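# What the coordinates show
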Amino acid sequence: MRLSRYFLPVMKDTPAEAQIVSHRLMLRAGLIRQMSSGIYAWLPLGHKVLQKISAIVSDEMAKAGAVELLMPTLQSADLWRESGRYDAYGEEMLRITDRHDRDMLFGPTNEEMITDIVRQELKSYKDLPLNLFHIQWKFRDEIRPRFGVMRGREFLMKDAYSFDLDFDASRLAYNKMFVAYLRMFDRMGLQAIPMRADTGPIGGDLSHEFIVLADTGESEVFLHKGLVEEPVPTEIDYEGDLTSIINSKTNRYAATDEIHDAAKFEAEVDEADRVTARGIEVGHIFHFGTKYSEPMNAKVQGPNGELIPLQMGSYGVGISRLLGAIVEASHDDDGIIWPEAVAPYQVGLISLRPKDETVSAACDDAYAKLTALGVDTLYDDRDERPGAKFATMDLIGLPWQMTIGPKGIEKGVVELKRRATGEKQELPLDKALELIAG
């Protein structure tokens, strides 16, 4: 993509309303713009990152056996009355009445809707196990939206729902999602720590949050130092190793946020092993058995002909929130530092003299070769000062910067900069391409 044809409205000054790093940098780097309180438009650069994150999430869900569908944003209030949550959910739910005076709501989550879909279609235990997921916009009417996309009202979320015949099979489905989450965050360059959590308005008997440690995290967390020194492994067996890992890493190593019983944690963990930090929740999984299937009569015929209520779990990842968490965890004074897997472009190609025919020809050649290699490249061909171009590239944080100018052409080299380290080297174009593509 040529920057002269792109829409990238970067800002030099820090917006006054932005209180945390991710909000400031996402505004300055032209990823988002606020449309109203807690509601943002995702500009082209930010939208590309959302797509990268969504692709990783979808891939890991598929590898864990989940099947993708798409449910609507608006839901019937009658379904929530069946489950008993319509009045219990609280004022965060945006309730709507259509022109026929039917009660509707802008979905904050989809347990009721997915249960309705499944109860109509699943008839026999032979149809199980089943795990369905979608990536869809949600709305929760936060009383004080703040911190940009970290605490917005509208947000993009992946939610998955597992259906099984009995408790043991349902817990196995939970374990699969637990591991899939560890792998998912690892692919994004994040160390996400699992934490035993309250089930809240979702309900159930077991729940884990996944938090990313960041100095600007929303919650104070208390955790065993082993969680930082020895991250939970991602190559583990669902049925064997996972049980001990869940017990050791999230009970003995229990990370707990400020709304949980920190005193109990302090009593269970030696003071020398305790660490206090701040964290950002990026995922939340729940095992809730028959909480929804019983009241909504979601049952299948068992092997002996009896009707058995489905055992269920739900598994959420805040994709738009995750983007903010990545920025919080990976930035410096000059801007964002994107992990390669989620970067909107892999290379920022900078022309120092776009009006110089020789320089333009060399840049066009490099751009064509990068494109042929499948390297997503943002080509800054604007007639701007070099300093402004360098500042923009540092701000938007692409993993590589390739600079081409008259002096380099004379020497037969391009300058290649690694954004994460700031390391620069002069290389012939073919060597630079090998390094980037390798």
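Since the model is a prediction, treat every value here as computed from it, not as a measurement.

Here helix α10 (residues 357–372) is 16 residues long and its end C-alpha atoms lie 22 Å apart, about the 22 Å a rise of 1.5 Å per residue gives. Inspection of α10 places Val359, Ser360, Cys363, Ala366, Tyr367 and Leu370 among the buried residues, and these make up the whole buried set. All buried residues of α10 lie within an arc of 130 degrees about the axis, which places them on one face of the element. With respect to the buried face of α10, the exposed residues turned more than 90 degrees away are Glu357 and Ala372. Structurally, α10 contributes buried residues whose contacts are with β19 (347–351), β20 (377–380), β21 (400–404), α12 (406–411) and α13 (429–437). Just downstream of α10, Gly374 is the residue with a positive phi angle, here 80 degrees.

What follows is about the sheet that holds strand β6 (residues 103–106). Within the open sheet, the 3 strands sit side by side as β4-β6-β5. Their pairing is antiparallel. Looking at the sheet topology across the chains shown, the edges are occupied by β4 (74–76) and β5 (94–97). Shown here is a sheet whose adjacent strand axes are inclined to one another by a mean of 35 degrees, direction ignored. Looking at chain direction, β5 and β6 are connected through 4 bridges and run antiparallel. Bridging across to β6, Ile96 finds its partner in Met104.

Backbone hydrogen bonds are what pair the strands of a sheet, in a parallel or an antiparallel way. In space, the 5 strands of this open sheet follow the order β20-β19-β21-β22-β23, with mixed pairing throughout. Sheet topology places β20 and β23 (424–427) at the edges, where each strand pairs with a single neighbour. On average, each strand axis in the sheet is tilted by 20 degrees relative to the strand beside it, whichever way the strands run. With 4 bridges connecting them, β21 and strand β22 (residues 414–418) associate as antiparallel partners. In the sheet register, Thr403 faces β22, and the bridge partner there is Glu415. Together, β19, β20, β21 and β22 form the strand contacts of helix α11 (residues 386–396), whose direction differs from that of β19 by roughly 175 degrees.

This paragraph deals with the confidence of the model for the protein. Mean pLDDT for the protein: 89, with 89% of residues reaching 70 or above. The low-confidence segment residues 253–266, where pLDDT is below 50, has 43 contacts with residues more than four positions distant or belonging to other chains.

Viewed as axis vectors pointing N to C, α10 and α13 meet at an angle of 35 degrees, and their least axial separation amounts to 11 Å. Helix-helix and strand crossings are classified by hand; for α10 and α13 the assignment is right-handed. Contacts between α10 and α13 involve Asp365, Ala366, Lys369 and Leu370 from the former and Leu429, Leu433 and Ile436 from the latter. For the contact of α10 with α13, a count of residues per class yields 5 nonpolar, no polar and 2 charged.

Attention now moves to the packing of helix α2 (residues 44–63) against helix α9 (residues 319–329). Put simply, α2 and α9 touch, their axes get as near as 10 Å, and they point 110 degrees apart. On the basis of their axis angle, the class for α2 and α9 is roughly perpendicular. Contact residues: Gly46, Val49, Leu50, Ile53, Ser54 and Val57 in α2; Ile319, Ser320, Leu322, Leu323 and Ile326 in α9. Class assignment for the residues of the contact of α2 with α9 results in 8 nonpolar, 3 polar and no charged.

On to the environment of Leu429. By the secondary structure assignment, Leu429 is in helix α13. Among the residues examined, Leu429 registers a relative accessible area of 17% and is labelled buried. Not counting residues within four places of it along the chain, the set of residues in contact with Leu429 comprises Asp365, Ala366, Lys369, Met402 and Val414.

The next point concerns the packing of aromatic side chains. On inspection of all chains with the given rule, the structure shows 10 aromatic pairs. Between the aromatic rings of Tyr174 and Tyr315, the centroid separation amounts to 6.2 Å while the plane-to-plane angle is 55 degrees, which identifies the pairing as tilted. Taken as a pair, Tyr174 in helix α5 (residues 167–187) and Tyr315 in strand β16 (residues 311–318) lie far apart in primary sequence, 141 residues in all. With respect to class, Tyr174 is no different from Tyr315; both count as buried.

Residue placement: Thr14 occurs in the segment before α1 (21–28). Residue classification places Thr14 among the partly exposed positions, given a relative accessible area of 45%. A sequence separation of 14 residues divides Thr14 from Arg28, and the C-alpha atoms of the two residues are 6.8 Å apart. The residues contacting Thr14, other than those within four sequence positions of it, are Arg24 and Arg28.

For the rest of this paragraph, the subject is the pairing of β22. Here 4 bridges tie β22 to β23, and the two strands are oriented antiparallel to one another. From the neighbouring strand, Lys417 faces β23, where its bridge partner is Lys424. Here β22 folds back onto β23 in antiparallel fashion, the turn holding 5 residues, of which Gly422 has a positive phi close to 80 degrees.

Attention now goes to α1. With 7 of 8 residues buried, α1 lies mostly within the body of the structure. Those residues of α1 lying buried are Val21, Ser22, His23, Leu25, Met26, Leu27 and Arg28. Looking at the buried residues of α1, the elements they touch are β1 (32–36), β2 (39–42), α9, β17 (331–332), β18 (335–336) and α11. Once α1 ends, the next one or two residues include Gly30, with phi positive near 75 degrees.

Parameters at a glance
- Residues numbered from 1 in each chain as written.
- Predicted model: local features only at pLDDT ≥ 70, side-chain atom pairs only at ≥ 80, totals over all residues.
- Heavy atoms only, no water.
- Helix = DSSP H or I, 4+ residues; strand = E, 2+ residues; numbered from the N terminus.
- Expected span 1.5 Å × (residues − 1).
- Buried < 20%, exposed > 50% of the residue type's maximum accessible area, 1.4 Å probe, protein only.
- Arc of directions from axis to C-beta.
- Contact = heavy atoms within 4.5 Å.
- Pairing = 2+ DSSP bridges.
- Axes fitted to C-alpha atoms, helices over the stretch in contact; angles between N-to-C directions.
- pLDDT = per-residue confidence, 0-100.
- Left-handed = near helix turned anticlockwise from the far one by under 90°.
- Nonpolar A, V, L, I, M, F, W, Y, C, P; charged D, E, K, R; others polar.
- Parallel < 35°, antiparallel > 145°, perpendicular 65-115°, else oblique.
- Phe/Tyr/Trp six-rings, centres within 6.5 Å; stacked < 30°, edge-to-face > 60°.

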